[in-house]
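Per-entry structural report
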Amino acid sequence: MFVVLLRFSGNKSQAGQFMEGHKEWIKRGFDDGVFLLVGNLQPNLGGGIVAHNMSRSDLERRVSADPFVAEDVVSAEILEITPSRADERLRFIVG
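The text that follows walks through the structure, step by step, so that each part is easy to find. (Residues numbered from 1 in each chain as written. Predicted model: local features only at pLDDT ≥ 70, side-chain atom pairs only at ≥ 80, totals over all residues. Heavy atoms only, no water.)

**Overview of the environment of A76**
Turning to its location among the elements, A76 is positioned in strand β4 (residues 74-80). By relative accessible area, A76 is classed as partly exposed at 40%. Setting aside its immediate chain neighbours within four residues, A76 contacts L5, L6, V63 and V69. (Helix = DSSP H or I, 4+ residues; strand = E, 2+ residues; numbered from the N terminus. Buried < 20%, exposed > 50% of the residue type's maximum accessible area, 1.4 Å probe, protein only. Contact = heavy atoms within 4.5 Å.)

**Digging into the pattern of salt bridges**
Across all of its chains, the model carries seven salt bridges by this definition. With its nearest N and O atoms 2.6 Å apart, the salt bridge here joins K27 to D31. Remark: D31 and K27 occur in helix α1 (residues 15-31); sequence separation between them is four residues, near one turn of the helix. D31 matches K27 in its accessibility class, with the two residues each being exposed. Salt bridges here are not isolated pairs; linked through shared partners, they connect R56, E60 and E80. (Salt bridge = Lys/Arg side-chain N within 4 Å of Asp/Glu carboxyl O.)

Here it is, written out as structure tokens:
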């Protein structure tokens, strides 16, 4: 399981130009069963994603294909978590 932090860079002002591509990229992540949750980092720092069902190297490739990452609107940090315990509602993550 992974947490992806997409923090705005100095190129943040270009976000509007690439927003549609970024939204399509997010939709593909959900459609492919990789993204579990997507949201904003507060206050206005960027975004965060909870992802699973793929290797780190595959996720790195996916993240690099995000137009926001490719155009340096955000910088990406991928944190890998090996779940060992979860609430019953998230039991599927532990495997």
